[in-house]
Amino acid sequence: MFAGIGEDRRIRKWVMGTAGLLAAAVALLCFYPHPAPAQESSANQSLSDLVDSDLQPVNSTKALKTSEQSVVRVLVVYRGYGGVPLDTVGMGSGFVVAPGYVVTNYHVVEVPPEASSADIYIVPHKDSGAGYQPVQLVKPWVEGDLALLSAPGLKVPPLKLYLTPYKNERVVSMGYPDVTDHLLNRSGTALLEPADAYVTQGSIALFASTNPDGSRVETLFHTAPINHGNSGGPLLNECGQVVGVNTWTAPSSMSAGGNLDVSAGQYVATHVSALNTFLSSAGITPTVVSTPCYAKSEDEIVKDDALSRVLAAAAEAQVQRLTEQKKAEAERAVMEVWQLGAMIVLSVLVLILIGLIIRREIRHRTEIHSKEPLAPTAFDETPLKPEKVKPPKPEKAKAEWVPHDRVKLPGLKHPIPWGWIALALIIVVAVVGFLIKEREIDSRLSKPKVAAPVAVAAIQHMSCDVDKAASANPLADAGHIEFDLDLVHACVNGRTPYERQADGTLLRFTTGDANPVAARMELSADGALFTRYDYRLDPASYKTFVSQKTALGSFRCSANADAGALAALGENLARVRTLSLSYLTMPAETKTVWRCKAS
């Protein structure tokens, strides 16, 4: 009996020791600092990584200041018969188009009837470092009102030509109007001193195929004010590139009622394409730019950069918070798993300990009953009746006789300890209940979480087939299409951006390569429906539309873009949408609908 009890004690001590060590290990795991996961790489991406290098914003303030140095004043001294200078002096503006060559209007250098000849001089800009010098007329173009002047030795860089200006493009007029000279009391020899050019701003209002003289010369109307003396000066875009030659302004007239009608805002320039044709006929090859102008003023760039830095810092702080939150969630999940495992192990050890106690109790009680045969047990069929006890023989000492009916018999003791068994069942039920209750831990660990938009992209591969019933006059070559769709960033195939509308629909406008056709493409909020509308424009409107859309720039989408880049992309898409809707006002020529499924 004592050997069994000793063995049970040793087992119990081993179990308790193991439980203690396990509890200590769990405590160490709870307080031991877990190594932090590797810091996620910053999701910030520079805006320059998303914009084509040739479409980076040009600092228009610096570009125009540089171009201004190529603008010159043109002075014409008329001589009468016998070479005597006349009192009248012709004045205008011009600009350098090639090394040693200047362009101005023909009517600026034209010799009037009262003069027999004229001497032409140019006065460069004060920042060019050059002084006035005489020039020679090389080639006139009377119908286009242009004149090419030769200025040997002129060390002023020529201006570049941009051949495809578009309507509503912001422009700048530069020149030397005589009204400014009059207000500044400049006359005589003071006009030969280099000075600043007069600069005004406006936008292109209209294109025409004839000029105010009736000649078939491409012209453009604009709203950048010019005056007498601006004739021959350049009309520049914000990148400092020539888009026209200022030539006409609407004159004031007297109405039938005797009132003076002043035409406001009617300024006309010879189109740059006509200028390029004229220079080519003279054997001059100017520098031509084909890349659309995408420019911002220095103040706008500074503000945009500051805003981008603030947004980037906010995005970085958000990413840091998300990283720390994910780290805390991961550590909490690990601790929950360890706590759950420790509880299960401790419960099992307690059950083993209770089992050992029950085993010892059963063995102990069995041994007691085996040494007391008269003691009744719960397994006896008929309880033993007390037998008469023979009184002991009397001894010398008096002994009190005890009747047999007063003898104490062992009480009825069951060999199975039901109390301990009930305790074990309670522990088992508690553990099982805890496991059922904590099943959400496992579901939380295994269930995929919705990722933050700045960190993870939910990209789906979409497979689409034409829904002929829903398509009104679909495209002839429409068929099965497939693409990768990132609904979080509204990005198709990892590069093509769509604009998310208020109802979740994704929208994009595009133009065709060969035909004058523009398309409006829509994706439903869940990507299950893709609709394309095609619009046919007249060639002139289509050319203007493409030029203006190209000038807005071509952005790419990215899952790793920072907040500043996303804001710039959203602004670009909104501008493209506004521009496109102003042109696509007619009914769609075709409508094609695809039904898509994620594969």
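Residue numbers here run from 1 along each chain, matching the order of that chain's written sequence. Restriction of local features to residues with pLDDT of at least 70 applies here, the model being predicted, together with a cutoff of 80 or more for giving and counting side-chain atom pairs; totals for whole chains, interfaces and linings are based on all residues. Hydrogens and water molecules were not included; the side-chain quantities draw on all heavy atoms of the structure.

**Examining the overall build of the protein**
Helix and strand assignments come from DSSP, with helices taken as H or I runs of at least 4 residues and strands as E runs of at least 2, each series counted from the N terminus. Within the protein, the secondary structure is distributed over 11 helices and 27 strands. Going through the 599 residues of the protein one by one, you find that 37% of them count as buried. Contact criterion: two residues are considered in contact whenever any of their non-hydrogen atoms come within 4.5 Å of each other. Sequence-distant contacts in the protein: of pairs separated by 6 or more residues, those separated by 24 or more amount to 70%. Relative accessible area decides the class of each residue, using a 1.4 Å probe on protein chains only: under 20% of the type maximum gives buried, over 50% gives exposed, and in between gives partly exposed.

**Points about the pairing of strand β10 (residues 198-208)**
Where strand β9 (residues 170-175) meets β10, 6 bridges bridge the pair, whose relative direction is antiparallel. The partner of Met174 across the bridge, within β10, is Val199. Two strands pair if DSSP finds at least two bridges between them. In this sheet, strand β11 (residues 219-222) lies alongside β10 in antiparallel orientation, the contact comprising 4 bridges. Within β11, the position partnered with Ala208 by the bridge is Thr219.

**Some remarks on the packing of aromatic side chains**
What counts as a ring pair is set by centres within 6.5 Å for rings of Phe, Tyr and Trp (its six-membered ring), and what kind of pair is set by the plane angle: stacked under 30 degrees, edge-to-face over 60, tilted for all other angles. Throughout the structure, instances matching the rule amount to 5 aromatic pairs. Grouping aromatic residues by their ring pairs yields a cluster made of Phe483, Phe530 and Trp594.

**Quick look at a nonpolar patch on the surface**
Note on patches: the residues involved have over 30% relative accessible area and no salt bridge, like charges join within 9 Å, and the nonpolar side chains Val, Leu, Ile, Met, Phe, Trp and Tyr join within 5 Å. Using a 1.4 Å probe, accessible areas were evaluated by the Shrake-Rupley method; residue-level cover was limited to the displayed protein chains. A carboxyl oxygen of Asp or Glu within 4 Å of a side-chain nitrogen of Lys or Arg is what we treat as a salt bridge. Together, Ile344, Val348 and Ile352 line one region of the surface with nonpolar side chains, adding up to about 220 Å² of accessible area. Here Ile344 shows up in helix α7 (residues 298-371).

**Overview of the packing of helix α10 (residues 539-551) against helix α11 (residues 563-583)**
Each axis is a line fitted through C-alpha atoms, and for a helix only the stretch in contact is used; angles between axes span 0 to 180 degrees, taken between their N-to-C directions. Where α10 meets α11, the closest approach of the two axes is 10 Å, and the angle between their N-to-C directions is 175°. On the basis of the axis angle, α10 is roughly antiparallel to α11. Two secondary-structure elements touch here, α10 through Ser541, Thr544, Phe545, Gln548 and Lys549 and α11 through Val576, Leu579, Ser580 and Tyr583. Angle categories are assigned with fixed cut-offs, so that under 35 degrees is roughly parallel, over 145 is roughly antiparallel, 65 to 115 is roughly perpendicular, and the rest are oblique.

**Points about the pairing of strand β3 (residues 85-98)**
Direction of pairing for strand β2 (residues 71-79) relative to β3: antiparallel, over a ladder of 8 bridges. Bridging from a neighbouring strand, Val76 pairs with Gly90 of β3. Hairpin connection of β2 to β3: 5 residues between the antiparallel strands, including Gly82 at a positive phi of 95°. With 3 bridges connecting them, β3 and strand β4 (residues 101-104) associate as antiparallel partners. Note that in β4 the partner of Val96 across the bridge is Val102. Count of turn residues in the β3/β4 antiparallel hairpin: 2 residues, of which Gly100 carries a positive phi of about 85°.

**Quick look at the sheet that holds strand β25 (residues 517-523)**
The strand order across the open sheet built from 9 strands is β22-β21-β20-β19-β27-β26-β25-β24-β23, with neighbouring strands paired in antiparallel fashion. Each edge of the open sheet carries a strand with a single partner, namely β22 (496-497) and β23 (499-500). Sheet topology places strand β24 (residues 506-511) next to β25; 6 bridges connect them, and they run antiparallel. Bridge assignment links Arg508 to a residue of β25, and that residue is Met521. Each of β24 and β25 touches α10; the most contacted strand, β24, lies at about 120° to it. The sheet contacts of α11 involve β22, β23, β24 and β25, and relative to β24 the element is tilted by about 60°.

**Some points on the side chain of Lys549**
Locating Lys549 in the fold gives a position in helix α10. Each residue touching Lys549, except ones within four places of it in the same chain, is listed here: Phe509, Thr510, Thr511, Val576 and Leu579.

**Focus on the layout of surface pockets**
One way to see where empty space is left: roll a probe the size of a water molecule over the atoms. Residues are called lining when one of their atoms sits within 4 Å of a cavity or pocket point, these points coming from a 1 Å grid over the protein atoms alone, where a cavity is a set in which a 1.4 Å probe fits but cannot get out and a pocket is an open set with protein on both sides within 12 Å along at least five of seven lines. Grid points are joined across faces, edges and corners, and a volume is the space filled by probe spheres set on the points. The computed volume of the second largest pocket comes to approximately 600 Å³. Lining the second largest pocket are 25 residues, with Leu475, Thr510, Ala519, Met521 and Arg532 positioned closest to its centre. Elements represented by at least two residues in the lining of the second largest pocket include exactly β20 (481-486), β24, β25, β26 (529-536) and β27 (590-598). Three residue categories are used. Nonpolar comprises Ala, Val, Leu, Ile, Met, Phe, Trp, Tyr, Cys and Pro, charged comprises Asp, Glu, Lys and Arg, and polar comprises the others, including Gly. Grouping the constituent residues of the lining of the second largest pocket by class yields 13 nonpolar, 6 polar and 6 charged.

**Some words on α11**
Expected helix span is computed as 1.5 Å times (number of residues minus one). Compared with the 30 Å implied by 1.5 Å per residue over 21 residues, the 31 Å span of α11 between its first and last C-alpha is a close match. Along α11, the residues that are buried comprise Gly564, Ala565, Ala568, Leu569, Asn572, Leu573, Val576, Leu579, Ser580 and Tyr583.

**Concerning unusual backbone geometry**
In the Ramachandran plot, Asn185 falls in the positive-phi region, its phi being about 55° despite a non-glycine side chain. Look at Asn185 and you get exposed, because its relative accessible area is 69%. The residue Ala490 is not glycine, and still its phi comes out positive at about 50°. As for its placement among the helices and strands, Ala490 is situated in the loop between β20 and β21 (491-492). Looking at Ala490, the relative accessible area reads 4%, which means it is buried.

**What to know about the state of the cysteines**
By convention in this document, the label disulfide applies to cysteine sulfur atom pairs within 2.5 Å. One pass over the full model with this rule turns up 3 disulfides. There is a disulfide in this structure between Cys239 and Cys293, and the S-S distance comes to 2.1 Å. Across the S-S bond of Cys239 and Cys293 the torsion is about 90°, and the bridge reads as right-handed. Of this pair, Cys239 sits in the loop between β12 (234-237) and β13 (242-249) while Cys293 sits in the loop between β17 (288-289) and β18 (295-296), and the two are 54 residues apart along the sequence.

**Considerations on helix α6 (residues 272-281)**
Taken together, the buried positions of α6 are Val272, Ala274, Leu275, Asn276, Phe278 and Leu279. Among the residues trailing α6, Gly283 stands out with phi positive, at a value near 80°.

**Focus: the pattern of salt bridges**
Under the counting rule described, the total for this entry stands at 11 salt bridges. In this structure, Arg73 engages Asp181 in a salt bridge whose closest nitrogen and oxygen atoms are separated by 2.7 Å. One end of the pair, Arg73, is in strand β2; the other, Asp181, is in helix α5 (residues 178-183), and 108 residues separate them in sequence. When sorted by exposure, Arg73 lands in the same class as Asp181, which is buried. What emerges from the salt-bridge pattern is a single network uniting Arg73, Asp181 and Arg186.

**Looking at the nonpolar core**
The set of buried Ala, Val, Leu, Ile, Met, Phe, Trp, Tyr and Cys residues whose side-chain atoms join them within 4.5 Å is what this entry labels a nonpolar core. Counting residues in each nonpolar core, the largest one holds 22 residues, and the members touching the most others are Phe95, Val103, Leu148, Val242, Leu275 and Leu279. For this core, the secondary-structure elements that each account for two or more residues are β3, β7 (146-150), β9, β13 and α6. With 4 residues, α6 is the single largest residue contributor to this core. Discounting residues that sit within four places of it in the chain, Leu275 has contacts with Phe95, Val103, Leu146, Leu161, Val242 and Val245. Judged by nonpolar contacts, the second largest core, of 18 residues, contains Tyr78, Val102, Val109 and Val156.

**What to know about the sheet that holds strand β5 (residues 117-123)**
If you trace the 6 strands once around the closed barrel, you get β2-β3-β4-β7-β6-β5, paired in antiparallel fashion. Strand-to-strand, the axes of this sheet are offset by a mean angle of 40°, without reference to chain direction.

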